[in-house]
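As a plain string of letters, each chain reads:
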Amino acid sequence: MKAVSLQHITKSYDNKHEVLQDISVTIEPGEFFVLVGPSGCGKSTMLRMIAGLETITSGQLLIGEKVANDLPPVKRELSMVFQNYALYPHLSVAQNISFGLHAKKMNKKEINTRIEQVAATLQLTPYLQRKPRELSGGQRQRVALARAIVSEAPICLMDEPLSNLDAKLRTHMRAEIKKLQRQLGITMIYVTHDQVEAMTMGDRIMILHNGEIQQIGRPIDIYNYPANPFVATFIGAPPMNIAQATVTKQQLIIEDTWQLPYHLPSKLPNVKIGIRPEHIYPPDTIQQGFATTILVENVEMLGTETIIQFTIGTATWYAKWQGQWAISSGQSLVITLPYDALYIYHTETGELLKKASITTQGGVADV
Ligand SMILES: Nc1ncnc2c1ncn2[C@@H]1O[C@H](COP(=O)(O)OP(=O)(O)OP(=O)(O)O)[C@@H](O)[C@H]1O
Ligand SMILES: [Mg+2]
């Protein structure tokens, strides 16, 4: 197991504008580290720099104890699953999986055992003799995954390895990859734009936006204490509700519409407030809160929960209620916002000024 440490790393493709700015993070040995952010934020660039496939413009990359900025890719002892998983078209699935092992001069019996094991885990056993062109996109993606996993390199880099799978297989593979990573004890750096994958797989996650780190932390801490409105609306579905608010001595006036009796220990005239959809409650369910009537714009009944959409000023908001509620679009509905569920952010800098003091309903449970 090895640590991977990035120190003040930047990247520019054109020597004019930086696609990654001052990236500093240490990924611990044996950690499952997820890099998440919207399309174009620099995730693949960062992974390719760690792999040695892209030059580092400035800053230092350490793999283990060694400075690796100029280390050739083959000397970095890592395996990688690319976003556009490149398979050898003239080789069978089994040969594609074992390609790197032959190069390492491993004996045949050991190679076959490894192929069989990984093929079973990734549900590829029936396809081992086929060529890549005879596979679906999802099957090809799993061959690329298998090739990285059999190498048992101490560091594994994966770039959106599950993007072509259907929802059920994706959920299954999430768990399999996590299990394999733990069994092999490898350091994993995993790129995705899917916040659910990030939340469920990562020991820690890094959220990237426009080439800048927004927050690094354990998924649940990031969910409970998002550092800025970008993170708040990126992690969680539906996203955290955000609105503009004016601060007076005793009141918080949200979107010039709702007047909440609220004392904010801050001298700012304007702030952004946030509240998670699950913290907006049906009437008469909480003690300390602001009750108001909204006009329902859309309702989604998901079986286990009901999602209610409405507008406040210029903002679209969602409430998420447990269970099934017979609510229809166009009707009026009373909702309650608990005061202790409000997040307060600086309007300009986005800095978190006040955390919500409730997390989930009843807080994080102990067992
Ligand atoms: N070879 C290149 N030359 C010039 N610009 C590039 C190159 N590769 C990527 N970029 C630019 O760098 C930025 C980051 O790209 P990158 O591929 O790292 O994003 P990403 O986060 O992986 O996005 P996605 O989720 O869509 O895969 C983008 O603006 C992209 O257009
Ligand atoms: Mg990418």
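These numbers were taken from a predicted model, which means no experiment stands behind them.

Criteria and cut-off values
Residues numbered from 1 in each chain as written. Chains lettered and ligands numbered in written order. Predicted model: local features only at pLDDT ≥ 70, side-chain atom pairs only at ≥ 80, totals over all residues. Heavy atoms only, no water. UniProt positions renumbered as here; feature names shortened; annotations may be inferred. Helix = DSSP H or I, 4+ residues; strand = E, 2+ residues; numbered from the N terminus. Domains from an automatic or database assignment. Contact = heavy atoms within 4.5 Å. Buried area = accessible area lost by both parts, 1.4 Å probe. Salt bridge = Lys/Arg side-chain N within 4 Å of Asp/Glu carboxyl O. Polar contact = N/O pair within 3.5 Å; in protein donor to acceptor, adjacent residues only side chain to side chain. Nonpolar A, V, L, I, M, F, W, Y, C, P; charged D, E, K, R; others polar. Near = heavy atom within 4 Å. Areas by Shrake-Rupley, 256 points an atom, 1.4 Å probe, with all protein chains shown as cover. Buried < 20%, exposed > 50% of the residue type's maximum accessible area, 1.4 Å probe, protein only. Pairing = 2+ DSSP bridges. Right-handed = clockwise from strand over helix to strand, strands pointing away.

Some points on the UniProt feature "domain: ABC transporter" (unreviewed entry) in the protein chain
Next, step 1: Here, the residues flagged by UniProt with the feature "domain: ABC transporter" (unreviewed entry) are residues 4-235.
Next, step 2: For residues 4-235, the helix share is 37%, the strand share is 25%, and the end-to-end C-alpha distance is 25 Å.

Remarks on the domain arrangement of the protein chain
Next, step 1: The assigned domain composition of the protein chain is domain 1 (4-224) and domain 2 (229-366).
Next, step 2: Using C-alpha coordinates to define each centre, domain 1 is positioned 37 Å away from domain 2.
Next, step 3: At the interface, 15 residues of domain 1 touch eleven residues of domain 2.
Next, step 4: In total, domain 1 and domain 2 occlude about 1,100 Å² of area from one another, counting both sides; carbon and sulfur atoms represent 68% of this.
Next, step 5: Between the two partners, domain 1 and domain 2, sit zero salt bridges.
Next, step 6: At the junction of domain 1 and domain 2, the tally comes to four residue pairs in polar contact (both at pLDDT 80 or more).
Next, step 7: When residues of the side of domain 1 that touches domain 2 are traced back to their parent elements, those giving at least two are α6 (195-201), β9 (204-209), β10 (212-217) and α7 (219-224).
Next, step 8: When residues in the side of domain 1 that touches domain 2 are grouped by element, the largest group, four residues, is from β9.
Next, step 9: The residue inventory of the side of domain 1 that touches domain 2, partitioned by class, reads eight nonpolar, seven polar and no charged.

Here we look at the site of ligand 1
Next, step 1: Taken together, Y13, V19, S39, G40, C41, G42, K43, S44, T45, Q83 and E160 make up the full set of residues near ligand 1.
Next, step 2: The separation between an oxygen atom of ligand 1 and a polar main-chain atom of C41 is 3.2 Å.
Next, step 3: Coverage of ligand 1 by the protein amounts to 58% of the 640 Å² it exposes when considered alone.
Next, step 4: Per-element accounting of the shell around ligand 1 gives the leading share, three residues, to helix α1 (residues 43-51).
Next, step 5: Considering only residue class, the shell around ligand 1 consists of three nonpolar, six polar and two charged.

Some remarks on the environment of H263
Next, step 1: Structurally, the position occupied by H263 is in the loop between β13 (258-261) and β14 (270-275).
Next, step 2: Since its relative accessible area comes to 58%, H263 is described here as exposed.
Next, step 3: It is 48 Å that separates the C-alpha atoms of H263 and I50, two residues lying 213 residues apart in sequence.

Notes on the pairing of strand β7 (residues 155-159)
Next, step 1: Across the five residues that make up β7, a large majority, five, are buried.
Next, step 2: Where burial is concerned, the two faces of β7 agree: the one with I155, L157 and D159 and the one with C156 and M158 are both buried.
Next, step 3: Bridge count for strand β6 (residues 78-81) against β7 is four bridges, and the pairing is parallel. Each bridged residue has a counterpart across the sheet, and for S79 the counterpart in β7 is C156.
Next, step 4: Sheet analysis places β7 next to strand β8 (residues 187-192), joined by five bridges and oriented parallel. Counterpart to L157 in the pairing with β8 is I189.
Next, step 5: With helix α5 (residues 167-184) bridging β7 and the parallel β8, this β-α-β connection has right-handed handedness.

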